[in-house]
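Close look at the chain arrangement
Listed here are the chains, written in short residue letters.
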Amino acid sequence: MSDERDGRTATSPAPSHVQLGLGREQLLTMYRQMVLARAIDRRMWVLNRQGKAPFVISGQGHEAAQVGAAHALEPGKDWLCPYYRDLAFCLALGMTPLDFLLSVYARAADPNSGGRQMPSHFGLKRARIITTSSVVATQVVHAAGLAYASKVRGLGEVAVACLGEGSTSEGDWHEALNFAGVHQLPMICIVQDNDYAISVPHRLQMSVESVASRAVGYGMPGLPVDGGDLLAMYSAMRQAVERARSGEGPTLIDAKVARFTSHSSDDDQRRYRPQEELEAMLRKDPIERFRIYLQRHSLLSDPEDESIQREATAQVDEAVQQAEAAPSPDVADLARHVFAEEG
Amino acid sequence: MAQGTLIEGIREAMAEEMERDDRVWVLGEDVGRKGGVFLATEGLHARFGGDRVLDTPLAESAIVGVAIGSALNGLLPVAEIQFADFIHPAFDQIVSEAARIRYRSNGEFGCPIVIRAPYGGGVHGGLYHSQSVEAFYSHVPGLKVVIPSTPEDAKGLLKAAIRDPDPVLLFEHKKCYRLIKGELPGSDHLTPIGPAAVRQEGDKITCVAWGLMVHYCLEAATTVAEEGISVEVIDLRTLSPLDKKTILRSVEKTARAMVVHEDNLTGGFGAEIAAIIAGEGFEFLDAPVVRVAGPDVPAMPFNKPQEDAFMPNPTRIAQAMRDLAAY
Ligand SMILES: Cc1ncc(C[n+]2csc(CCOP(=O)(O)OP(=O)(O)O)c2C)c(N)n1
Ligand SMILES: [Mg+2]
């Protein structure tokens, strides 16, 4: 996939799936997860236009980085401190379309927050996805704490934190990486660099091309990765996970990705991004790239692809129906869960 | 029961809980070999090792954030903020994260952390080693805020805080650390978070305070008792969740109420107590509720005359009691 690499950062070409020891089943699972994430994400925007989803924030363009990363982890054992674009990551770790759609509709049964938080503020205990606030970079410090506990208790668990490149300007990001470096924790920080923080471009957030070059200051390796290349991301993440599990410490990964949509449903990126830039970006769809890769290696036929697409649409249809029919939270529960409940 | 100082109560609480439960750990600046700048953690590093008594980088948001993460992964952290004045960089981790984790996850995740911080003035600490910060955090649902005034409660409340399933902030008045001596209960004793303590009964005035101010109010109450003014002194011990019942029951008896705190007046926690008494005890009152507090200046000056002028003291409190009794 190296021939179609994103030109922004020099990265080494991705190994092939054979070199990575990935079989067809797993490759197709990865593909399905990306297709499903995209289908859900697109549907959210439709629901938004229909007035059914008051707020949308998207992961379109980030899917390969997230699914590639997730497959290097052990779901249910390792921890994810996610951020709001991590829909594909969460699906790959075990969140179901219904789990997520319930949050889009802010339903009582939403396992993320019981309809309390805006959608895409992920949290799913059974998948070890830690609840997140809207305050960017706070979750990176939690990952350091999770990793510290893993290390001192000898649990062998890895803690992953994701955030955008703009959010690395926050003090919490520095404090977390510094702590992780000092204690050589089993932690991985994935920066999903989509070049923008709402409207503010990369160059106004940092004076370096890749945030990975800051890793040296924290005593850890920094890996710049073409995050549009699923296998490149899987490969980098596997190295990082091996390091973490064998006690060699944390890794910082800079995944260059693309933000296909506006920042959120309250933004219009045409106001601050040139038309040519948007068009060029959309030509480099990470899902498309992976599909082409699979087809080139005769791992996916057209009919199989169509059936995967149909399946995803059907899954979304069903989840939307169920979520729409699910009850809203009870007003009487407003004051619940401020503190632990007795018994 | 053994006798000891307030800081000994704090230290014993941590040592006993660490002994009892190996999930308990301590983190903060200089808490390791040095034992903390006030020696609250003295001896713990030697006894429990560096993993469980950790000298963190100088970064308060990380101290609280790492504590939160470790709690989400099964540990029970006791984070020390070296001075309450330096808790502000961690405000976001405390308020946006610790306080809201249970609520925002609809009860799925909890955040059993303790944050200890020495607070308060009258120790020549200047602007940045004298602050009272309890009002900021008592405002936030999801946090418990406790302030012990005796060695017994320091020990009992900290032990209860460590065993509490939710985030607890424990503010320790640094002037009380070695000044206040008293009984130190055995390892089984817990002081429950919530209930206030009536430190002295009286029937003319209800006087509500916490921390060092409890002792100043008791001193003032002794002075005015000789003049025939009987004051009931309530030590809140826990500011949040607040024991309204004990306050209102007392005001029902005395019909006169005052609150004393070291924090500056405007928006201080005394305003909340005054509002509760006015709102829920209006029928009991024979006089307006009085607040004795620090002046509305940014912080406590270092020089002695201005520091003295800032701090409420027994003389000032006694005068406020006389005025209120005469109303
Ligand atoms: C502390 C904080 N400040 C501001 C915001 C508002 N905000 C939300 S997302 C965002 C941009 C984040 O950009 P980046 O980190 O690059 O992530 P991206 O959205 O591009 O994936 C801003 C400014 C916030 N949520 N938290
Ligand atoms: Mg960005």
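Let us look at the structure shown here. (Residues numbered from 1 in each chain as written. Chains lettered and ligands numbered in written order. Predicted model: local features only at pLDDT ≥ 70, side-chain atom pairs only at ≥ 80, totals over all residues. Heavy atoms only, no water.)

1. Quick word on the packing of helix 2 (residues 63-70) of chain A against helix 7 (residues 230-245) of chain A
All names here are of chain A. Axis separation between helix 2 and helix 7 bottoms out at 7 Å; the angle between their running directions is 40 degrees. As summarised for this structure, helix 2 and helix 7 are arranged oblique, according to the angle between their axes. In the packing of helix 2 onto helix 7, the handedness of the crossing is right-handed. Residue-level inspection shows Ala 64, Ala 65, Val 67, Gly 68 and Ala 69 of helix 2 in contact with helix 7, the latter providing Leu 230, Met 233, Tyr 234 and Met 237. (Axes fitted to C-alpha atoms, helices over the stretch in contact; angles between N-to-C directions. Helix = DSSP H or I, 4+ residues; strand = E, 2+ residues; numbered from the N terminus. Parallel < 35°, antiparallel > 145°, perpendicular 65-115°, else oblique. Left-handed = near helix turned anticlockwise from the far one by under 90°. Contact = heavy atoms within 4.5 Å.)

2. A few points about the coordination of the magnesium ion (ligand 2)
All names here are of chain A. In the first shell of the magnesium ion (ligand 2), the protein supplies Glu 165 (OE), Glu 165 (OE), Asn 194 (OD1) and Tyr 196 (O), at 2.0 to 2.8 Å from the metal. Given 6 donor atoms and angles of 50 to 178 degrees at the metal, the environment of the magnesium ion (ligand 2) is assigned as irregular. For the magnesium ion (ligand 2), the donor residues sit on a single chain with the sequence spacing E-x28-N-x1-Y. Note that Glu 165 is positioned in the loop between strand 2 (159-164) and helix 6 (171-182) and Tyr 196 in strand 4 (residues 196-197), a separation of 31 residues in sequence. Accessibility classification places Glu 165 together with Tyr 196 in one group, the buried group. (Donors = N, O, S within 2.8 Å, 3.2 Å for Na, K, Ca; no water. Tetrahedral: all angles 85-135°; square planar, octahedral: opposite > 155°, others 65-115°. Buried < 20%, exposed > 50% of the residue type's maximum accessible area, 1.4 Å probe, protein only.)

3. So, the site of ligand 1
Residue and element names in this part refer to chain A. Surrounding ligand 1, one finds 16 residues, the nearest of these being Tyr 84, Arg 85, Ser 134, Ser 167 and Tyr 196. Arg 85 has a polar side-chain atom sitting 2.7 Å from an oxygen atom of ligand 1. One of the backbone nitrogen or oxygen atoms of Gly 164 is found 3.4 Å away from an oxygen atom of ligand 1. About the coverage of ligand 1: the protein hides 73% of its 590 Å² of free accessible area. Class assignment of the residues belonging to the shell around ligand 1 gives a composition of 7 nonpolar, 6 polar and 3 charged. (Near = heavy atom within 4 Å. Polar contact = N/O pair within 3.5 Å; in protein donor to acceptor, adjacent residues only side chain to side chain. Areas by Shrake-Rupley, 256 points an atom, 1.4 Å probe, with all protein chains shown as cover. Nonpolar A, V, L, I, M, F, W, Y, C, P; charged D, E, K, R; others polar.)

4. A closer look at the interface of chain B and chain A
Many analyses report the size of an interface as the accessible area lost when the parts associate. Taken together, the contacts link 38 residues of chain B with 40 residues of chain A. Between chain B and chain A, the buried area comes to about 3200 Å², and carbon and sulfur atoms account for 63% of it. Looking only at chain B, the three residues that lose the most surface to chain A are Asn 73, Tyr 103 and Arg 104 of chain B, adding up to 23% of its buried area. Where chain B touches chain A, the interface holds 0 salt bridges. The interface formed by chain B and chain A contains 20 residue pairs in polar contact (both at pLDDT 80 or more). Elements supplying a minimum of two residues to the side of chain B that touches chain A: helix 3 (60-72), helix 4 (91-98) and helix 5 (101-104) of chain B. Here the side of chain B that touches chain A takes 9 residues from helix 3 of chain B, the largest share from any one element. Considering only residue class, the side of chain B that touches chain A consists of 15 nonpolar, 14 polar and 9 charged. (Buried area = accessible area lost by both parts, 1.4 Å probe. Salt bridge = Lys/Arg side-chain N within 4 Å of Asp/Glu carboxyl O.)

5. A word on the nonpolar core
Formed by 81 residues in total, the largest nonpolar core has its most connected members in Trp 173 and Met 187 of chain A together with Tyr 137, Phe 171 and Leu 236 of chain B. Counting residues domain by domain, this core receives three or more from each of domain 1 (2-184) and domain 2 (197-326) of chain B. Ranked by size, the runner-up nonpolar core spans 79 residues in total, among them Leu 27, Tyr 105, Ala 319 and Ala 326 of chain A. (Core = buried A, V, L, I, M, F, W, Y, C linked by side-chain atoms within 4.5 Å. Domains from an automatic or database assignment.)

6. A short note on the pattern of salt bridges
Under the definition given, this model contains 40 salt bridges over all chains. Measuring nitrogen to oxygen at the nearest pair gives 2.7 Å for the salt bridge that ties Asp 193 of chain A to Lys 256 of chain A. Taken together, the residues Asp 193 of chain A in strand 3 (residues 187-193) and Lys 256 of chain A in strand 7 (residues 251-256) connect sequence positions 63 residues apart. Given the relative accessible area of 1%, Asp 193 of chain A is considered buried. When the shortest N-O distance is used, the salt bridge between Glu 17 of chain B and Lys 159 of chain B registers 3.0 Å. Remark: Lys 159 of chain B occurs in helix 7 (residues 151-163) and Glu 17 of chain B occurs in helix 1 (residues 6-20); sequence separation between them is 142 residues. Each member of the pair, Glu 17 of chain B as well as Lys 159 of chain B, carries the same accessibility label: buried. Put simply, Glu 12, Glu 16, Glu 17, Arg 20, Lys 155, Lys 159 and Arg 163 of chain B are held in one network by salt bridges that share partners.

7. Examining the side chain of Asp 21 of chain B
Checked against the element boundaries, Asp 21 of chain B lands in the loop between helix 1 and strand 2 (24-28). Here Asp 21 of chain B falls in the buried class, since its relative accessible area comes to 13%.

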